[in-house]
Amino acid sequence: MISLEPAGRQHARAHAWPAPAKLNLMLRIVGRRSDGYHELQTVFQFINRCDWLWFDVREDGHIGRLDPLAGVDERDDLTVRAALALQRATGCALGVDIRCEKHLPMGGGLGGGSSDAATTLVALNQLWGVGLSEDDLSEIALPLGADVPVFVRGRAAWAEGVGERLEPVDLPELWYLVLVPGCCVSTKAVFSHPDLTRDSKRITLRDFLSGDAVNDCLPVVRREYPHVRDALEWLSDKGGGRLTGTGACVFAVFEEQGHAFETLEKLPPELHGFVAKGQNRSPLLSRPVF
């Protein structure tokens with residue numbers, strides 16, 4: 001067991017709340033709405049790599065982070081924003097101190113901030129005893145980010161709209177070698193890039209399962225971010241290289257765990273990565289209540 005002591009209190013991993021990463025196994029941009037948001041088709045699957053969060057309920061209504069993220073104002077922190085949104089929506093008078101043990105890179109396309117926000121909503125819904133439904137939480141989640149609802153619902157999904165229209169799917173739970181390039185990709189910059197494809201043909205889930213796994217962001221990200229390009233090139237003859245979300249993380253797919261780890265061991269010193277297993281059900285859904 002790992003023990004941690006933020007603000008003088010011990011927190012055991014057993015009492016932590018998981019915030020899992022996701023991969024976009026496909027991402028198509030099929031149009032642009034009048035409000036500037038892009039219409040997407042994408043497939044989300046979770047992987048068994050997580051941030052971990054702890055929540056200490058307060059009686060005075062104050063909400064804050066015990067370990068602020070470098071370069072992120074507390075008012076912009078997604079866990080704080082999620083807690084405030086739930087507090088406003090329910091009129092709850094309680095507050096919380098939040099601690100997050102980060103394992104998911106910022107700007108990596110793994111959904112770390114969105115997952116942290118979703119875990120905050122799910123955890124405080126229980127800890128504050130406000131009793132909202134999954135649909136209610138998803139409605140609060142969407143303004144925090146287009147992919148926050150998929151983490152709230154916790155099931156692998158085919159997604160459309162801006163990523164909020166979700167249909168649960170049962171996907172093969174394969175092994176992934178995920179590389180983490182030494183850069184942070186701006187989602188806003190990618191979606192505003194003049195060369196981004198915005199008129200892809202819509203496909204069906206059957207098309208995806210038959211192998212149509214294009215990510216329309218990849219050409220722009222490959223060109224604008226040399227670290228991502230280098231990682232993709234290294235993976236090109238080792239199961240292929242695919243981009244999750246707008247990146248920066250890229251991945252290759254393996255049917256066998258051993259093959260994924262063998263490939264990981266061949267990584268040159270300038271590249272960093274990890275092996276993870278695909279999961280159709282978020283560990284957040286099966287976390288025991290203490």
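Residues numbered from 1 in each chain as written. Predicted model: local features only at pLDDT ≥ 70, side-chain atom pairs only at ≥ 80, totals over all residues. Heavy atoms only, no water.

Things to note about the pairing of strand S6 (residues 95-101)
Here is step 1 of the chain: Taking burial as the measure, the seven residues of S6 include seven buried ones, the bulk of the element.
Here is step 2 of the chain: Both faces of S6 are covered, namely the face carrying Gly95, Asp97, Arg99 and Glu101 and the face carrying Val96, Ile98 and Cys100.
Here is step 3 of the chain: Between the parallel elements strand S5 (residues 63-65) and S6, the chain passes through helix H1 (residues 78-90) in a crossover that is left-handed. (Buried < 20%, exposed > 50% of the residue type's maximum accessible area, 1.4 Å probe, protein only. Helix = DSSP H or I, 4+ residues; strand = E, 2+ residues; numbered from the N terminus. Right-handed = clockwise from strand over helix to strand, strands pointing away.)

Structural notes on the packing of aromatic side chains
Here is step 1 of the chain: Summed over the entire model, instances satisfying the criterion amount to three aromatic pairs.
Here is step 2 of the chain: Each ring, one from Trp17 and one from Phe55, has its centre 6.5 Å from the other, and the planes form 75 degrees; the classification is edge-to-face. Of this pair, Trp17 sits in strand S3 (residues 17-32) while Phe55 is found in strand S4 (residues 38-58), placing the two residues 38 residues apart along the sequence.
Here is step 3 of the chain: The class for Phe55 is buried, based on a relative accessible area of 10%.
Here is step 4 of the chain: The ring centre of Trp234 lies 4.4 Å from the NZ or CZ of Lys238, which sits over that ring.
Here is step 5 of the chain: In this structure, Arg287 is placed above the aromatic ring of Trp17, and the distance from its NZ or CZ to the ring centre is 3.7 Å. (Phe/Tyr/Trp six-rings, centres within 6.5 Å; stacked < 30°, edge-to-face > 60°. Lys NZ or Arg CZ within 6 Å of the ring centre and 35° of its normal.)

Section: unusual backbone geometry
Here is step 1 of the chain: Note the cis peptide between Gly247 and Ala248, where omega equals 20 degrees.
Here is step 2 of the chain: Locating Ala248 in the fold gives a position in the loop between strand S10 (242-243) and strand S11 (250-254).

Section: the confidence of the model for the chain
Here is step 1 of the chain: Predicted confidence across the chain gives a mean pLDDT of 93, with 95% of residues reaching 70 or more.
Here is step 2 of the chain: Between residues 1-11, whose pLDDT stays under 50, and residues either more than four places distant or in other chains, the model counts 22 contacts. (pLDDT = per-residue confidence, 0-100. Contact = heavy atoms within 4.5 Å.)

With respect to helix H8 (residues 226-235)
Here is step 1 of the chain: If you check which residues of H8 are buried, you get Val228, Ala231, Leu232, Trp234 and Leu235. In a view along the axis of H8, the buried residues occupy a sector of 160 degrees, so they form one face of it.
Here is step 2 of the chain: Where H8 is buried, its residues contact strand S9 (175-179), helix H7 (218-224), S10, S11 and helix H9 (257-264). (Arc of directions from axis to C-beta.)

Things to note about the packing of H1 against helix H2 (residues 112-127)
Here is step 1 of the chain: Relative orientation of the contacting elements H1 and H2 amounts to 35 degrees, with a least axis distance of 8 Å. For the pair H1 and H2, the crossing hand works out as right-handed. Facing H1, whose interface residues are Leu78, Thr79, Ala82, Ala83 and Leu86, H2 presents Gly113, Ser114, Asp116, Ala117, Thr120, Leu121, Leu124 and Asn125.
Here is step 2 of the chain: By residue class, the composition of the contact of H1 with H2 is seven nonpolar, five polar and one charged. (Axes fitted to C-alpha atoms, helices over the stretch in contact; angles between N-to-C directions. Left-handed = near helix turned anticlockwise from the far one by under 90°. Nonpolar A, V, L, I, M, F, W, Y, C, P; charged D, E, K, R; others polar.)

Side note on the pairing of strand S12 (residues 273-279)
Here is step 1 of the chain: Of the strand pairs in this sheet, S4 and S12 are connected by two bridges, and their pairing is antiparallel. Among the inter-strand pairings, Phe46 is bridged to a residue of S12, identified as Gln279.
Here is step 2 of the chain: For S9 and S12, the ladder comprises five bridges, and the chain directions are antiparallel. Looking across to S12, one finds that Val178 is bridged to Phe274. (Pairing = 2+ DSSP bridges.)

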